[in-house]
Structure formats: structure tokens, C-alpha cells
Amino acid sequence: MSHDSSDRRRRPAPREKIVPVQAISPLITLSFERGWDRREMFPFVEFEDVRVVAPGQAVSYADCHEAFLRARHRLGETFPIDYASRKSLAFLGVIGLGMMVQPTVGAALRFLLEFASLAGSVLGLEWEVEGEETAIVAWDLFGGHELTPFWKVDHLATIAGVTAQLPCENARPLRLELEDALQEPVRRAMSLAIGCQIVAPAERNRLVYRTETLQKRLRFPDAAAAAHWRRAAELDLPRFSSSDASSQVRRIVAVDGRLIGRQEVSRELGVSERSLARQLAREGFSFSEVTGASRLETAKALLLSGATVDEAAERLGYSDARSFRRAFKRMTGISPLKFRTSI
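For the structure given in this document, a descriptive report is provided here. (Residues numbered from 1 in each chain as written. Predicted model: local features only at pLDDT ≥ 70, side-chain atom pairs only at ≥ 80, totals over all residues. Heavy atoms only, no water.)

## Notes on the overall build of the protein chain
Helix and strand counts for the protein chain come out as 17 helices and seven strands. The burial tally for the protein chain puts 50% of its 343 residues in the buried class. When contacts within the protein chain are restricted to residue pairs at least 6 apart in sequence, those whose partners lie at least 24 apart make up 68%. (Helix = DSSP H or I, 4+ residues; strand = E, 2+ residues; numbered from the N terminus. Buried < 20%, exposed > 50% of the residue type's maximum accessible area, 1.4 Å probe, protein only. Contact = heavy atoms within 4.5 Å.)

Have a look at this one:
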């Protein structure tokens, strides 16, 4: 299935967002390696000493934006490669710990996407299955600005890098597709750093895996630890989540994928149903579109994890399996059983 990002509406200004200071720790490390003046680069960060950042800080995207612009000015086109290569599972904090104990590569990636805002993500990241290939698609939450091309390379390269560090043999992507053209030396360096083919220019910004790669088992699955790190991430999520209403609705619905109504979601967000509808309309969505897309992703995940159609229907709150089959086919064009067997 394909998704066209060209019709996405403008999102709230990125300067409304805050991110945890750990999200820019690779940039701080890079600045130390290059001998840059930390006070000039990061006047908004509190340091315990010359090279140690005081933990627990939250910094505004506006400040981060200026720091990244300064770094890009100094490093030019190699900046995304230099920056992304310094990231690791440890950099992701709670997200990295949660990824390590998932049962499969795909489950680890879904955990990362669900809590990406805790790592400072300023993009929308969506899961897309197309038969033998599965892609992570990046799109701009806030509307175009000067760092958007960098963020798209950075986010997808980071996902590729940390996934390759999972305790599993060869979890590398098949290719990275980018909308913007790259000079050949930059393309070669990026391909070598990420370990996959680079297609640029492309129709969209996507990191593509073989679907079978995402089904590989991790070496240290631990359901209790996974539940613990999920709870820890959920406690932090409201503080760093995107301010757009559609993301907030997706977050609530994605908790368990149930059929959930406007009244319940509005109550959870602390707004009236009419106010929620207006906010979603400004972003180009309806309530049913957002909740339907979220439940569809949960349905696909359940089916791919081995759940029967009856079990998926019950888990999602449908009255019976027939209703679930009709809804799934209406949204995807194929039956749940055909979807699972085709994968």
C-alpha cells in the first residue's frame, strides 16, 4: 500500500516542542571531538563540568535548531553522516533498553517508532508493509523549514544504525530512499556508513527492510523487562510528545488498539469533542481517519505476531470476527488471512 505525503497539512511550529537533552548528546560529543566552544554551541545546556552534561534537562527545539544550524554550517554536506554515526542504542536511553528485550527485530522497531519523541524525533514515522518489503516512512510534522532535509536523513540513518546493533545476526536495511538528490561522494560515504543502497532522489523518504529480516528473533527476549521499559517510556511520553492533535489521538488509541470513541479520547486529552474535531480538521484529518489508521496498524501487528482472526477481533473490540474481516478488507483491499499469508 502507498501513502502520499504531499497532501499533509501544515503542523504546529517546531518551536513549540521540547526534547530531552540526551537527544542532542551525539551533537555535543561531536562538538567536543572537533574542539568547538561548548558555550558558543550550546548556551542553553547546563554542564556539570567541562564535558559532562547535567542530566534530566529538557531543552527547547528552538535552541536545538540553532545549534544544529551552527553545526551544519561548520561541517557542510557531511554533517548527517558524522552525526548519525555517533548514535547508538545507549544514546536512545529507555527506548534502547526497551528495544533490546523485544522478541523480534520488527517488535523492536515498532517500540522505537512508538516512543520516538523521547529521542527528540521531530518527524512523523510510519510503518508500511508491501509484501516482501517493509518500510519506515518519514514525513514532516511541522511543515517545511531549513533543517527538514537533514532530519529526514538523520532519523532514518539513526534507525538503521541502532537496529543493526540489536542482538541479532544481520538486521541491516535493504536500502534508504531520499527525496533530495545527493552528490556522489556524499552518497557513497552514506552508503558505506549505513551499510545499504542509497536511492536519491526518490519519491519519498523511506528506510526499507526485507520483511523476513524484521521477523528475526532477538537473542535476549524478556517480556517482563519489555513491560517495565514500556511503562517507563509511557510515563515520559506526554512531556515530549508532538503537540499536534492527530499524534495525541494515535497515542491514546495505540495503547491497546480498542474501538474507542470521541468522548473517551476527548476526556483523556482534556478538551471538548468539538475542540478536538476542529484541531484535527486544521491538520487535515478526521477522527475516524486517525483512529482507523491506528487500529489498522495494531491489527497488522497482531496478525503478524501469530494471532488468529478471532483473537485479533476480540483484542480490538469488534463485536465478532466477521465485523473485523469486513473492516480490515475495507481499509486494505484484502482479507486478514490473505494479508498474513502474503507476508
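## Concerning the sheet that holds strand 3 (residues 123-130)
In space, the five strands of this open sheet follow the order 3-4-7-5-6, with mixed pairing throughout. Among the strands making up the open sheet, the edge pair consists of strand 3 and strand 6 (197-199). Strand-to-strand, the axes of this sheet are offset by a mean angle of 20°, without reference to chain direction. Note that strand 5 (residues 175-177) and strand 6 share three bridges and pair parallel. Directly across from E177, in strand 6, lies its bridge partner V199. Its contacts with the sheet put helix 6 (residues 105-114) on strand 3, strand 4 (133-140) and strand 7 (205-210), and the angle it makes with strand 3 is roughly 150°. (Pairing = 2+ DSSP bridges. Axes fitted to C-alpha atoms, helices over the stretch in contact; angles between N-to-C directions.)

## Section: the pattern of salt bridges
According to the stated counting rule, one finds 14 salt bridges in the structure shown. For R74, the salt bridge is made with E40, and the minimal N-O distance between the two is 2.8 Å. Of this pair, R74 sits in helix 3 (residues 61-75) while E40 sits in helix 2 (residues 38-41), placing them 34 residues apart in sequence. You can call E40 partly exposed: its relative accessible area is 44%. Overlapping salt bridges bring together E128, E130, E133, R175, E177, R204 and R206 as one network. (Salt bridge = Lys/Arg side-chain N within 4 Å of Asp/Glu carboxyl O.)

## Focus: helix 16 (residues 321-332)
Helical periodicity: at 3.6 residues per turn, an α-helix aligns residues three or four positions apart in one direction. The end-to-end C-alpha distance of helix 16, which contains 12 residues, comes to 16 Å, matching closely the 16 Å that a straight helix rising 1.5 Å per residue would cover. The N-cap of helix 16, judged by a side-chain oxygen 3.2 Å from the amide nitrogen of R322 a few residues on, is D320. Looking one or two places after helix 16, you find G333, whose phi comes out positive at around 90°. (Expected span 1.5 Å × (residues − 1). Polar contact = N/O pair within 3.5 Å; in protein donor to acceptor, adjacent residues only side chain to side chain.)

## Considerations on the nonpolar core
Ranked by size, the top nonpolar core spans 89 residues in total, and within it F42, F68, M99 and I159 carry the most contacts. Ranked by the residues each element gives to this core, the list is headed by helix 7 (residues 148-164), at eight residues. What I159 contacts, discounting residues up to four positions off in sequence, is L109, L112, L113, L125, I136, L207 and Y209. Grouped together as the second largest cluster of nonpolar side chains are eight residues, L280, F285, F287 and V290 included. (Core = buried A, V, L, I, M, F, W, Y, C linked by side-chain atoms within 4.5 Å.)

## Some thoughts on the packing of aromatic side chains
Summed over the entire model, instances satisfying the criterion amount to 14 aromatic pairs. Where F68 meets W151, the ring centres are 4.8 Å apart and the plane angle is 70°; that geometry is what we call edge-to-face. In this pair, F68 sits in helix 3 while W151 sits in helix 7, placing the two residues 83 residues apart along the sequence. We classify F68 as buried; its relative accessible area is 2%. An angle of 55° between the planes, with centres 5.0 Å apart, marks the rings of F150 and W151 as tilted. In this structure, R38 is placed above the aromatic ring of F47, and the distance from its NZ or CZ to the ring centre is 4.6 Å. (Phe/Tyr/Trp six-rings, centres within 6.5 Å; stacked < 30°, edge-to-face > 60°. Lys NZ or Arg CZ within 6 Å of the ring centre and 35° of its normal.)

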